[in-house]
Amino acid sequence: MKPIDTSTKAPVFEIRGSVLTVIVLHIKETDAGCLYPQLEKKIGQARSFFSSAPVLIDLSAVDEEGQAALDFMLLADTLRKLGLVPVGVRGAAACESERVLQAGLGLLPTIKTERTVTTSADKHSSDLESLESKNQPGPSAAETSKVPATASTKVITHPVRSGQQVFAPQGDLVILSSVNAGAEVLAAGSVHVYGALRGRAMAGINGDVTARIFSLQCNAELVAVAGEYLVNESLNEAHINQSVMISLKDSGLDFQVIGSLGRFS
């Protein structure tokens, strides 16, 4: 059979680098008796949010002995059963590379400048600490102490409907309407929703601990600031459907009722 000459064929694909939002699972303890029950409990609290979400496993906080005790195949299978899609491992010791690859996971280097946020004790020492960007080094603590004055603001004038995602990679995101259930809004800075917030809102996704979420009427599926998050079932009833400002504090997310709705609550 004569070989097909592809030299004159137009390219049918391209390979490009990209910045994608993924969940990073920072593992601190590899003991199966502690790790898997906590994963199942934490992810079970927001199963719809985590459904089919790509997750990167970070082992930078685990020494070589701890990594040697970790069954990568079991970890990957457990995450898949919980509805997530494990895509790779970061910070693995060189001696563990073969086992990582055998589990069908990719290998990524450790990011030294990543900004992480420790979860609160009353949330059962969560191992899911950061919603951040893949393939892009996270900013240092000094860089995340404030949003640059030159950061742009993205303004959306129409409702964000179910299944839609609006992303502001720099600066704030302003929604001059509602965010419907099943929709998602994300910003490197703060998120402002001048309408009902019924979907998911994530501010400070690159680690900006000064970011905030403002909502005229808050009944969100999930809110997150710099990786610290709460799902709807965990919201205080006093804050539901109120005008609120959500910020990050040492103990977790802080809700303040503000504006006209707050004065009459």
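Residues numbered from 1 in each chain as written. Predicted model: local features only at pLDDT ≥ 70, side-chain atom pairs only at ≥ 80, totals over all residues. Heavy atoms only, no water.

Caption draft 1: Structural detail: the sheet that holds strand 8 (residues 173-175). Here 6 strands make up an open sheet; going across it, the order is 6-8-10-12-15-16 and the pairing mixed. With partners counted over all chains shown, the strands left at the sheet margins are strand 6 (154-156) and strand 16 (252-257), one partner each. Neighbour to neighbour, the strand axes of the sheet diverge by 20° on average, direction disregarded. The pairing of strand 15 (residues 242-249) with strand 16 spans 6 bridges and is antiparallel. Looking at strand 16, one finds that L248 is bridged to L253. (Pairing = 2+ DSSP bridges. Helix = DSSP H or I, 4+ residues; strand = E, 2+ residues; numbered from the N terminus. Axes fitted to C-alpha atoms, helices over the stretch in contact; angles between N-to-C directions.)

Caption draft 2: Looking closely at a nonpolar patch on the surface. Nonpolar side chains collect at one region of the surface, where V12, F13 and I15 lie side by side and expose about 430 Å² of accessible area between them. Take F13: it is sitting in the segment before strand 1 (20-26). (Patch = residues over 30% accessible without salt bridge, like charges linked within 9 Å, V, L, I, M, F, W, Y side chains within 5 Å. Areas by Shrake-Rupley, 256 points an atom, 1.4 Å probe, with all protein chains shown as cover. Salt bridge = Lys/Arg side-chain N within 4 Å of Asp/Glu carboxyl O.)

Caption draft 3: Examining the sheet that holds strand 11 (residues 200-203) more closely. Strand order in this open sheet of 5 strands is 7-9-11-13-14, and the pairing throughout is mixed. Since the sheet does not close on itself, it has two edges, and those belong to strand 7 (165-168) and strand 14 (228-231), each with one partner. The sheet shows a mean angle of 5° between the axes of neighbouring strands, taken without regard to direction. Relative to strand 9 (residues 184-187), strand 7 is paired through 4 bridges, and the arrangement is parallel. Following the sheet pairing, A168 is matched in strand 9 by A187.

Caption draft 4: Summary view of the packing of helix 1 (residues 32-44) against helix 4 (residues 72-81). Running from amino to carboxyl end, helix 1 crosses helix 4 at an angle of 20°, the nearest separation of the two axes being 11 Å. Judged by the angle between their axes, helix 1 and helix 4 are roughly parallel. Here helix 1 and helix 4 pass one another in a crossing that is right-handed. When helix 1 is examined against helix 4, the residues L35, Y36, L39 and I43 are found in contact with a partner set consisting of L74, L75, T78 and L79. In terms of residue class, the contact of helix 1 with helix 4 is built from 7 nonpolar, 1 polar and no charged. (Parallel < 35°, antiparallel > 145°, perpendicular 65-115°, else oblique. Left-handed = near helix turned anticlockwise from the far one by under 90°. Contact = heavy atoms within 4.5 Å. Nonpolar A, V, L, I, M, F, W, Y, C, P; charged D, E, K, R; others polar.)

Caption draft 5: Structural detail: the confidence of the model for the protein chain. Mean pLDDT over the protein chain works out to 79, with 74% of the residues at or above the 70 mark. Averaged pLDDT values for the elements of the protein chain fall to 40 in strand 5 (residues 128-134) and rise to 95 in strand 8. Note on residues 112-150: pLDDT under 50 across the span, and 103 contacts to partners over four residues away in sequence or across chains. The low-confidence segment residues 261-265 (pLDDT under 50) makes 8 contacts with residues lying over four places distant or belonging to another chain. (pLDDT = per-residue confidence, 0-100.)

Caption draft 6: How the structure looks around helix 1. Across its 13 residues, helix 1 extends 18 Å between first and last C-alpha, which sits within 8% of the 18 Å expected from 1.5 Å per residue. Of all the positions in helix 1, only L35, Y36, L39, K42 and I43 are classed as buried. Down the axis of helix 1, the smallest arc covering the buried residues is 140°, so these residues share one side. (Expected span 1.5 Å × (residues − 1). Buried < 20%, exposed > 50% of the residue type's maximum accessible area, 1.4 Å probe, protein only. Arc of directions from axis to C-beta.)

Caption draft 7: How the structure looks around the pattern of salt bridges. Counted under the stated rule, the structure contains 5 salt bridges. A salt bridge links R80 to D77; the nearest nitrogen and oxygen atoms lie 3.3 Å apart. With R80 and D77 both in helix 4 and 3 residues apart, the pair spans about one turn of that helix. Ionic pairing is found between E184 and R200, a salt bridge with its closest N-O pair at 3.2 Å.

Caption draft 8: Examining the side chain of R200 more closely. Here R200 is to be found in strand 11. Here the side chain of R200 touches E221 through a polar contact of 3.3 Å, side chain to side chain. (Polar contact = N/O pair within 3.5 Å; in protein donor to acceptor, adjacent residues only side chain to side chain.)

Caption draft 9: The arrangement of the pairing of strand 14 in detail. Side-chain alternation along strand 14 places E228 and L230 on one buried face and Y229 and V231 on a second face that is also buried. With 4 bridges connecting them, strand 13 (residues 222-225) and strand 14 associate as antiparallel partners. By the bridge assignment for strand 14, V225 is matched with E228. Connecting the antiparallel pair strand 13 and strand 14 is a turn made up of 2 residues, with A226 showing a positive phi of about 50°.

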